[in-house]
Structure formats: C-alpha cells, structure tokens
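Here is what each chain is made of, one letter per residue.
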Protein chains: 2
Amino acid sequence: MNRSHTCGALRLSDVNTEVQLAGWVHSVRDKGFVLWIDLRDRYGVTQLVLDEERNGADILAKAKSIGREFVIQISGQVIERVSKNPNIPSGDIEVLVKELTVLNTADTPPFTIEDESDGGDDLRMKYRYLDIRRNPIKDKLLFRHKVSQIVRNYLSGKDFAEVETPYLIKSTPEGARDFVVPSRMNPGQFYALPQSPQTFKQLLMVGGMDRYFQVVKCFRDEDLRADRQPEFTQIDCEMTFVDQDDILAVFEEMLQQLLHDIHGITPAPFPRISYADAMATYGSDKPDIRFGMHLAGLNDLAQGKGFQVFDQQEWVGGFAVEGGAAMSRKEIDAWIDWVKRPQIGAKGLVWVKCNEDGSYKSSVDKFFSQEDLAEWASACKAQAGDLVLVLSGGKTKTLTQLGQLRLAVAEEKGLRNPQVFAPLWVVDFPLLEPLEDSDHFHAMHHPFTAPKPEHIQQLETSPKTVLANAYDLVLNGNEIGGGSIRIHDRAVQERMFSLLGFTKQEAEEQFGFLMDAFRYGAPPHGGIALGFDRLVAVLGGHESIRDYIAFPKNNSGKDVMINAPAPLDDEQLGELSLKTTS
Amino acid sequence: MNRSHTCGALRLSDVNTEVQLAGWVHSVRDKGFVLWIDLRDRYGVTQLVLDEERNGADILAKAKSIGREFVIQISGQVIERVSKNPNIPSGDIEVLVKELTVLNTADTPPFTIEDESDGGDDLRMKYRYLDIRRNPIKDKLLFRHKVSQIVRNYLSGKDFAEVETPYLIKSTPEGARDFVVPSRMNPGQFYALPQSPQTFKQLLMVGGMDRYFQVVKCFRDEDLRADRQPEFTQIDCEMTFVDQDDILAVFEEMLQQLLHDIHGITPAPFPRISYADAMATYGSDKPDIRFGMHLAGLNDLAQGKGFQVFDQQEWVGGFAVEGGAAMSRKEIDAWIDWVKRPQIGAKGLVWVKCNEDGSYKSSVDKFFSQEDLAEWASACKAQAGDLVLVLSGGKTKTLTQLGQLRLAVAEEKGLRNPQVFAPLWVVDFPLLEPLEDSDHFHAMHHPFTAPKPEHIQQLETSPKTVLANAYDLVLNGNEIGGGSIRIHDRAVQERMFSLLGFTKQEAEEQFGFLMDAFRYGAPPHGGIALGFDRLVAVLGGHESIRDYIAFPKNNSGKDVMINAPAPLDDEQLGELSLKTTS
C-alpha cells in the first residue's frame, strides 16, 4: 500500500526511479527555501528534499508543518546527493518529494529517538514502544531473532524436534518459588507456571522423542536482583542414548556455529576444566578465561612466619596484576576498600609490589623477608613490574573473593574485551552440597542429575564426595548453559530424593509421575538448558540482558508501561474462590 | 555412547557392517532355538536375531528374559533377511546380535504400544509418556515441529522478526476470562496470562519493528468444550504500512508453501468471499468449499402459498443433496431428528425428492404444486435423482442450521476428504454486532479492528452497517486464522471503545497505554493470528487437535498425568497474601 521501498533500500543505482516511501520523520532541517527530512524506518534512513524551485508552495508549506516522529508517506524521484553522507548506506542519494501525505501526527516524544537518548530508565520503560524505535534497542531485538533462528535451524538439522510443553503445571515447593495460577474450574486448586520444563522433557525422552528442544519462557518468583527477570527464556534441550561427551559435542558445535555466523569466528575446541580446578584457578565456577591472572595458593609460603592474620586462616591465596607495581598508594587503597565492601566481605588486602630492580615492597614487609615475597611472586608467576594481591580466610570464601577481585581488576584494565569470545566447559561438579545444620543436602544442579556411575556406591557411604556428570557452558565469565546426565533408574532417584530430605510421601506426591515413568522402560538420557537472554546479550557483546528483551519488568517485577500487576475486582476474585489478605 | 545407528537407518547396503543399536523392545518372537526382537526407536524398527547356532547359551538366555518395552543396547552384524518385510524401510535386513545389555527393565505397560492401542482416553492421558511412544502420536508431534520450522523460516525470509512478548501482563475484564497470577512482591495485585499478544504486537508496530511474528502460547479461562484447551498456541503476526491485500498475499503464500512442502500441492489463488456471501451460500463464516451444495433462498418461491409454517418465517432456504432421492424414509427421518437436536434447534425439515421421471415427491405435497417444487429444485440447482432439504425460521439462525446440515450430510457422503485442501479468505466482516437489550455493541473481531475507511462516517450514524477490513483464513471448514487492519488513530479508537460500552475512565484504565502510544506517531498496521494447534491438525488431515499437543489437558482443564491443578499449602498462600474461599 504505502511504499515501493523501505528507507534503507535506495542506492545510487536507483537514481531517477520514482519511489514511494513511508516512515517516521527523524529530523527536519528547514533552510527556508529548501527543506530536508530524514525519513526513518526499521531498515534505515533516507533523506527527502523539497525546495521552492522544484516544489509548489502548498506541499512545501505542508512539509514545514511536519514535526519529529510524524508518520508520513511520500512519492518522489531518487536523485544523487550533492553532499553525500558516507555514514549511512543510503547516503549517496536523496528523494525529491512530489507528493506527501501525513499518515499520523505525533506529540513531542518524552525523550529523543536517538542512539544516545536523553531518557532515563524509568521513562524509557514507560514508553518502551518509543525506546524500541532507537537503533540500540531495535538492533538488539533483531539480533535476538537472528540468534533464535540459527539455534532452531541448527538443532532441527540435528534431528531435534521442538515440542511445546505445558505452561499450566503443578507447583513443587522444592527449589525457587513458583508463580501460581488459581483454577476457576477447580476451586481452591492452583496451577504453577514452569520454572523449567525439566520433568516434561525427561518424560519426552521416556516417550521416545529421542532429541527434544524448545525455546521456552520460564518463570521464577524470586526477589529480583539487578538484571533478573521474573520471566525469562531458555533454550531447553534433551537427548537419549548419550553420554556427557555426546551432549558437549552437539552444543559446542552449536555455539561455534553461532560465533561463526554472527562474528565470523571459528573458535578452537573448547577447554574443559573441572569445577575443582575452576575454583582453584579462577575463584569461580564460570571463569572468564580471556585473560590470565591465575590464582595461586600460598599457604605453604605465607603461613608459619609469624603473621597471625594468615596463620589463623584456612586459606591464603593471591594473583599477579601485570604492570601493577606502577599503581599509586591511592589506587591500591581503592582496591582495599573495594574488597572490604559488604558484597565482597574481605577484612583486608595484602599487596606486594615487584619492583623493576628485583626488590619487593609489601604491606606486610614487617613479617616477611624479601625471599618470602620472592617466593609468593614466583608462585603467582609475577614478573618485575607486577603487583601481587593476596587475601586470606576460609577456603571457598577466599577463592570466591579472589575471583571477584580478579574480574574487577581485569575490567578496570580493559581485559574483558566484549569482542573476544572465550567459551569453555566446566565439568565434574559435585552432585550434592551439604546443608548447614542438617543431615540433608542441596542438589548442586537439580534433583534429577545422575551421579557419575563410578561414584554411585559413594551415594551410600560419603554422599558429599560424589561427582556428577554435570556441566556448565561458560562464555566470557557468564554461565550461559548448564546440564547433566539424568537419573533414569527409579531406585537411584528415590535415594536422591531421600538425600535431599524428601520423605517417601513427599517424593511420591510431587514427582510420583516421573518415578512411575521410570518403571516403563526409561532410557539413559541427558540434556542442557541455555539461558537465552544471557546468551544473546553476551554474544551481542553486552553484560545486561534488559535491552535484549522487548518488554522487560523492572526490579519490583512491574511493567510500568501497562501498569501490571494490578488489583482484581471482587467479582473476578469471587469467581476464583479467592480473597486477598493484604 | 549407545549406538552407531538409529533403528530406522540400516539398509541392504549395510550388510556385514558391525553396528551398535539402542532402543525399546517392541516385540519378542521366541521359537526356542531362534529368537527375534523388534527393536524400536523414534526413527523406526530393526529386527534383531539370536539363535542357538550362532549365539552362546548365556546371551540367548538373557535375550529370552527380556520383555516388551525393555530398553536394551546391542552390538552385532547386519545380515540380509531370509524373509523380507516390505512394509518397513529396514525390512531387508536384520542384525545378528553379539552383545546385549539391558539398559532398563519395564513393567508391562497399561496399554499396548501399537498404532491401534487398547488404551482408553483417560489411561492414555495418565501415561502420556507411553502414548507418545506410539507412532500416531509421535508422528503428529514431529509433524507439528516440521510445520513450525516451515512457518518460521518462511516468515524470517520475509523480514518478520520473532519478538517475545511478556506472559505476565495485566488483566482486562473485556472478552473471555483471563487466567491470573498473584504477585507476591506486590500484595493484593495480580498479573494476567495473555489471551493473545494483541496490544503488544501493536506497540511493536508503533515502535517501528515493521514486521513481527511469534509462535506463542495464549491462555483463556473458558468453560472447556470438546477440543478446546485452556492453553493454546498462536502464530501471531503484524505488519506496518500495509493494506488488507498486502497481508492476505503474505499469508496466502505461507499456506501455499506449507501445502507444497507438506503435501506437494500448489493450490490456485485462494477464493475471497464476503462474510455476507459466505453466510448466504454456505450458512457459515468458515465454509467448507471442498464440495458444492450451495444454499438457496426460497422466500419468493415458498411463501404465500398457504403453508403457514413458511409464511410466518423470516427466511426459507434449502440445498440439494446429489443422488439423495434414493434415501429411504428411515434415512430422511434420521436427518429430521438430527436437525431437531438441541445443538441444531430446528423445528422440522422439509424435503423434496427429485424423481428420475421428472416428478417431485415432498413432505409438503399438500401445499405446493409440482411446478412450485420444480422451481425450488431449480433454485437449488437440483437434478433428477437429487434431494432438496429445506428449513425455515429467523434468517441468521436458519442459514446457520442449513450450514450445519450441509456439513453433516457432506460428512456422511464422504465429501469431506481430509486429503483435499480447499483454502479461502472470508472478508468484509461487519465491525460490530448489536447486543440484545443494549445500545452497545460487541466487537465482531476485536476492539482494535479498523472500520473500512469509506465507512468511517457511518460509525456515528449507523454503526451496525459498518464493515471492517477484517478477514479469516479458512481451510476445509476450519477457521485457521483471523486478522484485521487495526485502528491507529486515537479518536477512532476512543469512538470504538464508546460503542463497545466502555466509559472514558474504563477505556483509559485498561488501554490507556495503547491510546497514549497512538499520540506519538502510530503507523497504519494490521495483522493476523493463526491457531497453530488447529492449523497443524487440519494440515495433518485431522479434525481433533488433542493428539497434536504433547501434554494436553482434559475437559476439566486437568493434567491427569501430573495431577494439576492441586491445592497449595497455607504457607505458600500466605506468602501470596491469599485465602481460598471454597
């Protein structure tokens, strides 16, 4: 109806063509006798021109009345521009307008529709439909579509079938909180929205579907932290008759294909490191391996020298910052303050400058000799000119703090380049985490994860030493996926529930259908779920997921554009057999 | 891990190859000295063989202990079968088993895993994971995946971007009932699950996304009728700067591509008929045009002849059944009973047999001459040997009854061949339906549908005569999609809400965000939503959607496999600030 071309299509080869365009008025430059309009749509911007010489007074007057974000339709002739704009693909041409129709007017938008907008977060969320007109948001949503198409076509080509699992399921108190949905037809009863399709995909494997995937919304009623959404999207996958290597191979190739199709990169085979090594070397189970700064344990070198702070602790460890010896006292003090923030929780930070002359200067010179400090530097692989940073405390806590410090220092040094992609697999996770004040355990991955076959006896004797065939896919310090080989044996699943503190009755009530399914020929199976929002953001070179979601919720779980959630009227509550108590 | 080939892969060319297979034991035929196992997976069935001559006693004994639906893994050698099975692709070969591992045992399933199962609906639903092992269900789910892939790739190729819209939105009392979700973080407030992403996709158009689609779950809390599901899937689409013809062209091509890729059919351009013509000719706004039997109005020919039943009514109409004159009195009586059923609600049925000798025999011979009946026959295009069936009453009701009768007779005569595909567009729907006992109207499509531009003045003067640029895509008597050009003007949208009986305040509260968006440069736009469950079923040659859904709910909205919905415990209710009153 309204256009022969989009606003991104016209080139020098189209000169003299009569065209119809439609779009939004991005800007108007009115020089009196000549007037230029930048007309914008999803595909680009085309410059329109009207002037006194070539246009009638009527149409010129109409054009002069047009404001930003008006929706117009024009017809005209493509002409070569006198002053070309090399920054846009249509910059060689403009369109001499012959007819102009205003399809809709526009009030002045509450913020500018430019790549760098003057709108704050709240305003942008309230008028998200205007925010989406901006290239940075629009491009992210189109990028998301591209990623989902690559994923779907890759998996379909590997015989995975996308099967839709239900959204109205049953609440299971275990794990995170469910969002629930009252059933009008079954008064007093509730559905729950899925936190993941985990049990359904396992049932599909029991049902012989062999290879399943789904790009699917999941829901978790958690207190929201920054960059968490109550609804989020997973690429959910499951395979039958496989072991861990089969699954890793399929999804390693998928990420390679994404990196290739999107960034033209073909990464080498992904490193695989154990959970234990990841914690020891990077202080994280989702290490960023785009840079070194490996952690080193210093217990042997730093304890028993009379420095009580270290002597009392379970763990002393550190890492070297390249060129860090050049840091001023003020810069170092800032890092000391940083590790003392409650989010990190260290008591202090010991530092050692490896001077260019081979000497060492440290905050603990009193307690340690130059030889001692030389040994620390050597353990941390520090060179002359580097800085060694050392923390101490409980082992896991200290490793985690060192890992956080390592990331923050790397961020400041510009080592976390979003255009570099360093994927890896973290494997050999423990099956169970001991719970404090309890004989029971927490499932490190989830209750359906299988112990490694060679550890199955330890389930009885020393559960906390049991490792799982569980694995995380990590990209640039982000966990973008996690999965495991599942339990397919009823007795093992029962033992697992018992270790997690379920009574027989609770296990039966909540997961009886799954354990029943294991009676009828359940095959070995396993899978993975990738966080799609995160995957897309990291592939796009960003850490924040918010702008990769068309209509996100804010940190109170609210959609401020449509004003949801909202109270219901009494009639609707009555139909649902509900009363609110707030 | 477990296999070198699937159970559907091996052919004569693989003879002598050593293979590993894994799958389910479909059947065991034990002849004592020789034993055959049909091993099944998603991809097919392969025959395994063991015998006393070529196998040891141990493995033969193990094989003999295996039951149906056991999961096993074997290795062996492909050999040519002596008696081939031409009915399966792998029927030329069998595998001589050398090693056999039982991966899991199986209890006897509650129904047979065969194409024709002995399981009733309830049992099949409770053990859906076993039902899915059956070819008829498995194939339908794989077919569904295929259709979704074709749709996604087609639309992506046409510059449509799949954008995910939120599931936790705001309840709008208008229309069908919403499922709601209590917000724990905002006590006393509720989200609603979307009945469709309608307003969001319109906001995406205001946001300049230009072409949007989504294969998306929608939710409607209705009292369930047969073959309705509380959650269902839509292919939801929207386009900017288009008129009706643009939209029809894109989605006509999409359905043509589906029919081509799936059935090898390239249908002619789809007929387009007006709503008024569809009602007059077929008694339905979703006509099945695989066969004729067009309705004819008989008022002029049948009224004023002294038959009071007809004279009192607004409408007399009928149609011809080819060869129907051969029907026995009993068969005709059965149709008379059929139209009197409460679901149809006719008072009676008049019939006219067009005898081979040119005479007419009718149930109303007393009132009408042979010449009268000849005129009816002529109006209905009945030939000698045909039967004319006639109903009378209110016009719309009678047309609808005739339409239902036409379908039922066609069904009985085998004219509704599921392998024939007859798509069409129904266009020119009325914008509004008058409500009984009210000055207000009901939106025939939905409140966002635009009147035809040339009818916009009638919105003030005679709303019920206003037609809309609304259209339905109909396939074999099923509405598989419906859409419209949308209102993009704030004043027209306000007028529309007022005609629908919204106060200004109600309109503002519920749809203020949309009307606000219309202030900032809303472009002309329109779209369509296709019922994916129905589309897949009709393309698959079936009328029922149930088996095209992996885990459907029953007619009480229950999932009997996982036993949902279910009561919540008091703690969970308390966290949600809720009490149940049932």
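Residues numbered from 1 in each chain as written. Chains lettered and ligands numbered in written order. Predicted model: local features only at pLDDT ≥ 70, side-chain atom pairs only at ≥ 80, totals over all residues. Heavy atoms only, no water.

K.L.:
Just give me the short version of the packing of aromatic side chains, but keep the residues and values in it.
P.N.:
The geometry of an aromatic ring pair comes down to the distance between the two centres and the angle between the two planes. Enumeration over the complete set of coordinates arrives at 47 aromatic pairs over all chains. Geometrically, the ring pair formed by A:Phe160 and A:Phe251 is edge-to-face, given 6.0 Å between the ring centres and 70 degrees between the ring planes. Taken as a pair, A:Phe160 in the loop between helix H4 (135-157) and strand S6 (161-162) and A:Phe251 in helix H6 (residues 244-263) lie far apart in primary sequence, 91 residues in all. Residues A:Phe160 and A:Phe251 agree in their burial class; the two are buried. Seen in terms of ring centroids, A:Phe307 and A:Phe368 are 5.9 Å apart; in terms of plane orientation they differ by 75 degrees. Their pairing is edge-to-face. Of the two residues, A:Phe307 sits in the loop between helix H8 (299-302) and helix H9 (308-311) while A:Phe368 sits in the loop between strand S15 (360-362) and helix H11 (370-379), which places them 61 residues apart along the sequence. The same class applies to A:Phe307 and to A:Phe368, which are both buried. Put simply, the rings of A:Phe307, A:Phe310, A:Phe367, A:Phe368 and A:Trp376 pair up and form one aromatic cluster. Against the face of B:Tyr127 rests B:Lys126, its NZ or CZ located 5.6 Å from the ring centre. (Phe/Tyr/Trp six-rings, centres within 6.5 Å; stacked < 30°, edge-to-face > 60°. Helix = DSSP H or I, 4+ residues; strand = E, 2+ residues; numbered from the N terminus. Buried < 20%, exposed > 50% of the residue type's maximum accessible area, 1.4 Å probe, protein only. Lys NZ or Arg CZ within 6 Å of the ring centre and 35° of its normal.)

K.L.:
Residue-level account of the sheet that holds strand S16 (residues 387-393) of chain B, with values.
P.N.:
Residue and element names in this part refer to chain B. With antiparallel pairing, five strands are arranged side by side in an open sheet as S12-S13-S16-S14-S15. Each of the sheet's edge strands pairs with one partner strand only, and the pair in question is strand S12 (296-297) and strand S15 (360-362). As judged from the seven bridges shared by strand S13 (residues 315-321) and S16, these two strands associate in the antiparallel manner. Paired with Trp315 across the two strands is Gly393, which belongs to S16. Across the sheet, helix H10 (residues 329-340) lies against strand S14 (350-354) and S16, angled at about 150 degrees from S14, the strand it touches most. (Pairing = 2+ DSSP bridges. Contact = heavy atoms within 4.5 Å. Axes fitted to C-alpha atoms, helices over the stretch in contact; angles between N-to-C directions.)

K.L.:
Hey, could you go over H11(A) for me, with residue numbers and the actual values?
P.N.:
All names here are of chain A. Listed as buried for H11 are Asp372, Leu373, Trp376 and Ala377. Viewed end-on, H11 has its buried residues packed into an arc of 140 degrees, placing them on one side of the element. Exposed residues on H11 whose side chains face more than 90 degrees from its buried face are Glu371 and Ser378. Buried-residue contacts for H11 involve H8, H9, strand S14 (350-354), S15 and strand S16 (387-393). (Arc of directions from axis to C-beta.)

K.L.:
Before we move on, can you summarise the interface of chain B and chain A with the specific residues and values?
P.N.:
Taken residue by residue, the interface counts 124 residues in chain B and 124 residues in chain A. Of the roughly 10800 Å² buried between chain B and chain A on both sides combined, carbon and sulfur atoms contribute 58%. Interface area lost by chain B to chain A is led by B:Glu164, B:Phe241 and B:Tyr520, which between them contribute 8%. Linking chain B with chain A are twelve salt bridges. Counting across the interface, chain B meets chain A through 74 residue pairs in polar contact (both at pLDDT 80 or more). Of all the elements, helix H4 (residues 135-157) of chain B adds the most residues to the side of chain B that touches chain A, at nine residues. For the side of chain B that touches chain A, the residue count by class is 63 nonpolar, 30 polar and 31 charged. (Buried area = accessible area lost by both parts, 1.4 Å probe. Salt bridge = Lys/Arg side-chain N within 4 Å of Asp/Glu carboxyl O. Polar contact = N/O pair within 3.5 Å; in protein donor to acceptor, adjacent residues only side chain to side chain. Nonpolar A, V, L, I, M, F, W, Y, C, P; charged D, E, K, R; others polar.)

These values are about where atoms sit, not about what they do.
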